[in-house]
Amino acid sequence: MDLASRYKGVVGLVFGDNPSSNEDSYIQRLLDRISNGTLPDDRRNAIVELQSVVAESNAAQLAFGASGFPVIVGILKDQRDDVEMVRGALETLLGALTPIDHARAQKTEAHAALMNSDLLSREAENITLLLSLLEEEDFYVRYYTLQILTALLMNSQNRLQEAILSTPRGITRLMDMLMDREVIRNEALLLLTHLTREAEEIQKIVVFEGAFEKIFSIIKEEGGSDGDVVVQDCLELLNNLLRSSSSNQILLWETMGFEPIISVLKLRGITYKFTQQKTVNLLSALETINMLIMGGADTDPGKDSNKLANRTVLVQKKLLDYLLMLGVESQWAPVAVRCMTFKCIGDLVDGHPKNRDILASKVLGEDRQVEPALNSILRIILQTSSIQEFVAADYVFKTFCEKNREGQTMLASTLIPQPHPTTRDPLEDDVNISFGSMLLRGICSGETDGDLETCCRAASILSHVLKDNIQCKEKALKIVLESHVPSMGTPETLFQRIVRYLAVASSMKSKDKSSTLGKSYIQQIILKLLVTWTVDCPAAVQCFLDSRHHLTYLLELVANPAATVCTRGLASILLGECVIYNKSNENGKDAFSVVDAVSQKMGLTTYFSKFEEMQSSFLFSSSEAPREGHKPLTRTATPSEAEIEDAGAAKAMDKGNEDHPMLISLFDPSFTGLVKSLEGKIRERIVDVYSRPKSEVAVVPADLEQRSGENEKAYINRLKAFIEKQCSEIQNLLARNAALAEDLASSGKNEESQGSVQRSSTVMEKVQMESIRRELQEASQRLETVKAEKAKLESEASDYKNMAAKLESDLKGLSDAYNSLEQANYHLEKEVKSLKGGEDPMEFPDIEAIKEEVRKEAQKESEDELNDLLVCLGQEESKVEKLTAKLIELGVDVDKLLEDIGDESEAQGESDEDDDDH
């Protein structure tokens, strides 16, 4: 009874030691009858009563948790042969783990089911015991066991996962249940779906146990996308296994291939009948396709190669045909399905040239009513009433045109204006119209109905076609559009029409704010097109500045406090492009004139602040943050319409302009990166323009010469007036430059406080930097000269050092010769003495005289050599003194240099002595 004591102790700590006495005593009597009863029927009746009480009362669940688990676990261990008792025990456990309906339970009552799950899962042996029951033959035993495991998983997920992993063949037993009867199969499928959500080890074992084959077998048996919620569970389990796992995706391709999941998208039966469950099944299958397209987790080193291989194979298996059928040709498909389909198409062609070519070659329709798939998608963009569908279809063109010069050129080649239709709507389903002509009709549609919504969408597609393609930009500049009513206007270029629509959108907003509250994005999308068009395109800048009204309106838009932050910011970027890509020398249209107009209108501090305001807006910050992925559809109750539709987009619509889904798609990381790079170039170019201002009056040399017939006084007065005028103009320019310096200094401080890239902020700073640079160059040159002189002096010092060593060696040689003479003289004296001491004296020469004479000659010779040596040493000493003075003047430590020379001489002397010893 140690286990019972432990359970009682835990419950007592949480709920106190005085639970309801009636419930407690009743539960205790029932448990006693079950444990100690002698009659089998009485024990079975007691467990039936216990099951009923526990399922109905929260207090009974608490009382059962305090002391009932050991009794029930004992039955499951020791009474397997009594099937009815085992069934009753399992039903009682299930009741104890199932929460009571909150409507019946009191708010003050504790969560008994959660506590009971915790108590039961603490012992891993209990989980092992339950898993062993899955091998029992009785249907209800297996069924109740699966339900108990599912309840434990909901309340104690980590413990259950660890216990199942530690149990031999634990996962295998669960996988075997997928081949059982339908009811048990569905329960096992639901359990495995929850079990594999975030457990990588369990995912690997499940895949190893043949999960892919079993999943697709069930999907096929249930009727594919037309099946019930079981198909959804199968697809959710499949997504758990494939999500963020390249290895599992590769295994799927090698074992089953991608055909089974692609076939789920095939529409069967009544193609216009899309039930709510069928919609959820299709969305789940499209989520699986999207996972395969993306290729695995970002941290996976083989993600890119796997992604490329998956996209190639999926298109080879005709996935693109199914997607086009589902998203473009199926008029009755729900919006959420079409949006997810367009996302998959965009991801399929993103960065894949071959898939792009295949998409461009696709033709939809039957018989004579056929048209290119891209035309059909464009028609949907221009006609759909769903903002989400436009954003999704727009993504297809964005990925198709990204770094695809051939595709852009192909689309731009069809930009041919056609006469406006008179008896039919310009966007009528005319399959014979080209892509470019349909796009131009969409742009001009605002002329007829006064609504720029369609024009705005067409402008977004045109920006993708023109992005980073100078040939397409220049071709589009040559397009001339006729007025909708020929008598009411003259032809104008496409670029001028777009700029005019920008002003029209502003006037429409000011007239009726209520009707256009949700469409304030129109100006920003048109501005994005103009910003994209004028990048690296001086011809577009020239076209913009050809009309003085364009620049005036743009300046007013930047300074307009009623415009949104991003509208003012994009207008500021467009103004800056008119400076950095301006190649004109014409007065009033050159870069200096634009900068001067900006300075006069609002001041450069205000102008540059528009950049900072835009970058701190929600749209910019949200573009840098990672986008939330598609939220998986759960099986908790029947999916509602709100869950099927894009709830995030609907929520964004409620927040207003800043969170509008069209704007979120507009300010993608690519475009925000372009805007930031342009900002840096604009700041530097404006500084450069003002550092070399354009002279207001050209100095004509003829004005400085005396005219014929002009007297000296008049000539002097004219020169004086000319000089005064020049001084006035110079003072004017200096005043402007001073104001500019102050503006730029202020904006530079704000930029540094926000951690922006460091840039030149004032002309004065540039002058100071240039002065410092020159001084640095001069100092560097002087340093190089000093280094050269130092090297020369060090070389001379080395020569003198070698000469001194040689002289020292000569002195040593003379000393050795003198010592040998002294030794020879000593031997001669010794011989003379021995001869003088002999018995037969003979006449010998005067040895002393000879010795004295030899000594004098040797001494004289030595003195002559020493005198010569002293003269040489004196000369060398004079040179050394001069050298020392020069080194001191250059700042060299002479004493240290001499110590180094002395050390080297001593080392050389020691080396010579060692050689002599040897």
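All of these numbers come straight from a predicted model, not from anything done at the bench.

A. Molecular detail of the overall build of the chain. Helix and strand counts for the chain stand at 45 helices and 4 strands. In the chain, once contacts between residues fewer than 6 apart in sequence are set aside, the share between residues at least 24 apart is 72%. A total accessible area of about 47,800 Å² is found for the chain, and carbon and sulfur atoms account for 52% of it.

B. Structural view of helix H4 (residues 58-67). Of all 10 residues in H4, 9 are buried, a share of seventy percent or more. Listed in full, the buried residues belonging to H4 are Asn58, Ala60, Gln61, Leu62, Ala63, Phe64, Gly65, Ala66 and Ser67. Taking the backbone nitrogen of Ala59 as reference, a side-chain oxygen 3.3 Å away marks Ser57 as the first, capping residue of H4.

C. The arrangement of empty space enclosed by the protein in detail. Considering all chains together, one arrives at 5 cavities of 30 Å³ or more under this definition. The volume enclosed by the largest cavity comes to roughly 120 Å³. Along its surface, the largest cavity is lined by Lys398, Glu402, Ser463, His464, Lys467, Lys528, Thr532, Asp668, Ser670, Phe671 and Leu674. For the lining of the largest cavity, the secondary-structure elements that each account for two or more residues are helix H28 (453-466), helix H31 (521-534) and helix H41 (669-691). Here the element with the most residues in the lining of the largest cavity is H41; it accounts for 3 residues. Residues that form the lining of the largest cavity fall into these classes: 2 nonpolar, 4 polar and 5 charged.

D. Region of interest: the pairing of strand S1 (residues 363-366). The sheet contact formed by S1 and strand S2 (residues 369-372) spans 4 bridges and is antiparallel. Bridge assignment links Glu366 to a residue of S2, and that residue is Gln369. Hairpin connection, S1 to S2: the antiparallel pair is bridged by 2 residues, and Asp367 has positive phi, about 55 degrees.

E. How the structure looks around the layout of surface pockets. Reported here for the second largest pocket is a volume of approximately 670 Å³. Taken together, 21 residues make up the lining of the second largest pocket; nearest its centre are Val328, Glu329, Gln331, Glu371 and Ser376. Broken down by secondary-structure element, the contributors of at least two residues to the lining of the second largest pocket are helix H20 (319-329), S1, S2 and helix H23 (373-383). Partitioning the lining of the second largest pocket into residue classes produces 6 nonpolar, 8 polar and 7 charged.

F. Fine view of the packing of aromatic side chains. Overall, the coordinates contain 12 aromatic pairs when judged by the stated rule. Relative to Tyr144, the ring of Tyr143 lies with its centre 5.9 Å away and its plane at 50 degrees, an arrangement referred to as tilted. When its relative accessible area of 18% is taken as the criterion, Tyr143 is described as buried. Connected via pairs of aromatic rings, a cluster forms that spans Phe139, Tyr140, Tyr143 and Tyr144. It is Arg683 that lies over the ring of Phe608; its NZ or CZ is 4.5 Å from the centre.

G. Broad picture of a negative patch on the surface. A cluster of acidic residues, Glu853, Glu857, Glu861, Glu863, Asp864, Glu865 and Asp868, forms a negative patch on the protein surface. When you line up the elements, Asp868 lands in helix H44 (residues 847-889). Assessed through its relative accessible area of 51%, Asp868 is described here as exposed.

H. Broad picture of the environment of Thr128. With respect to the element layout, Thr128 can be found in helix H8 (residues 124-132). When the C-alpha positions of Thr128 and Ile164 are compared, they lie 7.3 Å apart, and in sequence the two are 36 residues distant. The residues contacting Thr128, other than those within four sequence positions of it, are Thr167 and Arg173.

I. Seen up close, the nonpolar core. Ranked by size, the top nonpolar core spans 219 residues in total, and within it Leu174, Ile261, Trp533 and Tyr607 carry the most contacts. Leu793, Ala797, Leu883 and Leu887 belong to the second-largest nonpolar core, a separate cluster that totals 5 residues.

J. View of the packing of helix H5 (residues 69-78) against helix H6 (residues 83-97). It is the contact of H5 with H6, at a shortest axis distance of 9 Å, that shows an interaxial angle of 145 degrees. Read as a crossing pair, H5 and H6 show a hand that is left-handed. Each of Phe69, Ile72, Ile75 and Leu76 in H5 lies in contact with H6, whose residues at this interface are Met85, Val86, Ala89, Leu90, Thr92 and Leu93. Here the residues of the contact of H5 with H6 are counted per class, giving 9 nonpolar, 1 polar and no charged.

K. Seen up close, the packing of helix H12 (residues 182-195) against helix H15 (residues 229-242). Between H12 and H15, whose axes approach to 9 Å, the crossing angle comes to 35 degrees. In terms of crossing hand, the pair formed by H12 and H15 is left-handed. Along the contact surface, H12 presents Arg185, Asn186, Leu189, Leu190, Leu192 and Thr193, while H15 presents Val230, Asp233, Cys234, Glu236, Leu237 and Asn240. Residues of the contact of H12 with H15, tallied by class, amount to 6 nonpolar, 3 polar and 3 charged.

L. Molecular detail of unusual backbone geometry. With a phi close to 60 degrees, Arg169 is a non-glycine residue in the positive phi region. Following the sequence through the fold, Arg169 ends up in the loop between helix H10 (157-166) and helix H11 (170-176). Overall, the relative accessible area of 44% leaves Arg169 in the partly exposed class. Of note in this structure, Lys318 is not a glycine but carries a positive phi near 70 degrees. As for its position among the elements, Lys318 is in the loop between helix H19 (303-316) and H20.

M. Quick look at the side chain of Gln203. Within the secondary structure, Gln203 is located in helix H13 (residues 200-208). For Gln203, a relative accessible area of 8% puts it in the buried group. Leaving out residues up to four positions away in the same chain, Gln203 has contacts with Thr196, Arg197, Glu198, Asn240 and Leu241.

N. How the structure looks around the pattern of salt bridges. Using the criterion set out here, one finds 35 salt bridges in the structure. We note a salt bridge from Asp118 to Arg159, for which the minimum N-O separation is 2.7 Å. Highlighted residues: Asp118 in helix H7 (residues 112-121) and Arg159 in helix H10, separated in sequence by 41 residues. Using a relative accessible area of 19% as the deciding quantity, one classes Asp118 as buried. Residue Arg159 is classed as partly exposed on the basis of its relative accessible area, which comes to 32%. Residues Asp180 and Arg142 are paired through a salt bridge, measuring 2.9 Å at the closest nitrogen-oxygen approach. Here Arg142 lies in helix H9 (residues 139-155) and Asp180 lies in the loop between H11 and H12, a separation of 38 residues in the sequence. Here Asp180 falls in the partly exposed class, since its relative accessible area comes to 21%. Judged by its relative accessible area of 9%, Arg142 falls in the buried class.

O. Local environment of the confidence of the model for the chain. Of the residues in the chain, 76% have a pLDDT of 70 or more, and the chain-wide mean is 79. This stretch, residues 646-657, has a pLDDT under 50; its non-local contacts, to residues over four places away or in other chains, come to 14 contacts.

P. Representation of a nonpolar patch on the surface within the structure. A cluster of nonpolar side chains, namely Leu811, Leu814 and Leu866, defines an oily patch on the protein surface of about 210 Å² accessible area. Its location among the elements puts Leu811 in helix H43 (residues 763-836).

Q. Structural view of helix H18 (residues 276-294). Here H18 contains 19 residues, and its C-alpha end-to-end distance of 27 Å stays within 8% of the 27 Å for a straight helix at 1.5 Å per residue. With 17 of 19 residues buried, H18 is to be regarded as a mostly interior element. One or two steps after H18, the chain reaches Gly295, where phi turns positive at roughly 85 degrees.

R. Geometry of the environment of Glu187. Mapped onto the secondary structure, Glu187 falls in helix H12. Along the primary structure Glu187 and Leu146 are separated by 41 residues, whereas in three dimensions their C-alpha atoms are 6.4 Å apart. Discounting chain neighbours no more than four positions away, the residues touching Glu187 are Tyr143, Leu146, Gln147 and Thr150.

S. Up close: the side chain of Arg356. Topologically, Arg356 is positioned in helix H22 (residues 353-361). Of the buried charged residues, Arg356 lacks a salt bridge, with Asp350 as the closest side chain of opposite charge at 4.6 Å. A polar contact is formed between the side chain of Arg356 and the backbone oxygen of Val349, at a distance of 3.1 Å. For Arg356, the residues in contact, after removing those within four places along its chain, are Val349, Asp350, Gly351, Thr399, Phe400, Glu402, Lys403 and Asn404.

T. Structural context of the environment of Gln859. Position of Gln859 relative to the elements: it lies in helix H44. C-alpha separation for the pair Gln859 and Tyr818, spaced 41 residues apart in sequence, amounts to 8.8 Å.

About the cut-offs
Chains are numbered independently. Their residues run from 1 in the order of the written sequence. Confidence filtering applies because this is a predicted model: local features only for residues at pLDDT of at least 70, side-chain atom pairs given and counted only at 80 or more, and all residues used for totals across whole chains, interfaces and linings. To get the side-chain values, take all heavy atoms of the structure and skip hydrogens and water. Elements are defined by DSSP. Helices are runs of H or I of four residues or more, strands are runs of E of two residues or more, and each kind is numbered from the N terminus. Two residues qualify as a contact provided that any one of their heavy atoms is within 4.5 Å of a heavy atom in the partner residue. Computed by Shrake-Rupley with a 1.4 Å probe, the accessible areas treat only the displayed protein chains as cover when residues are assessed. Categorising residues by exposure relies on relative accessible area from a 1.4 Å probe, with only protein chains included: less than 20% of the type maximum marks a residue as buried, more than 50% marks it as exposed, and the intermediate range marks it as partly exposed. The definition of a polar contact used here is a pair of N or O atoms within 3.5 Å, where within protein one atom must be able to donate a hydrogen and the other to accept one, and adjacent residues in sequence count solely through side-chain atom pairs. Whether a set of points on the 1 Å grid over the protein atoms alone is a cavity depends on a 1.4 Å probe fitting there but being unable to get out, while an open set qualifies as a pocket with protein on both sides within 12 Å along at least five of seven lines; lining residues are those with an atom within 4 Å of a point. Grid points are joined across faces, edges and corners, and a volume is the space filled by probe spheres set on the points. Classification convention: Asp, Glu, Lys, Arg as charged; Ala, Val, Leu, Ile, Met, Phe, Trp, Tyr, Cys, Pro as nonpolar; all other residues, Gly among them, as polar. Note on pairing: DSSP must find at least two bridges between two strands before they are called paired. Centres within 6.5 Å are what make two rings of Phe, Tyr or Trp a pair, Trp counting through its six-membered ring; a difference in plane orientation under 30 degrees is then read as stacked, over 60 as edge-to-face, and the rest as tilted. The rule for a charge over a ring is simple: NZ of Lys or CZ of Arg within 6 Å of the ring centre, and within 35 degrees of the ring normal. What goes into a patch is any residue over 30% in relative accessible area without a salt bridge, connected to like charges within 9 Å or, for nonpolar side chains (Val, Leu, Ile, Met, Phe, Trp, Tyr), within 5 Å. Salt bridge criterion: a side-chain nitrogen from Lys or Arg within 4 Å of a carboxyl oxygen from Asp or Glu. A residue counts as positive if it is Lys or Arg and as negative if it is Asp or Glu; His and the chain ends are not included. Each charge is placed at NZ for Lys, CZ for Arg, CG for Asp and CD for Glu. Throughout this description, the term nonpolar core refers to a set of buried Ala, Val, Leu, Ile, Met, Phe, Trp, Tyr and Cys residues connected via side-chain atoms within 4.5 Å. Only the contacting stretch of a helix is used when fitting its axis, a line to C-alpha atoms as for every element, and angles between N-to-C directions run 0 to 180 degrees. The hand of a helix crossing depends on one turn: near helix anticlockwise from the far one by less than a right angle means left-handed, and clockwise means right-handed. A score from 0 to 100, pLDDT tells how confident the predictor is in each residue. Expected helix span is taken as 1.5 Å per residue step, with the number of steps being one fewer than the number of residues.

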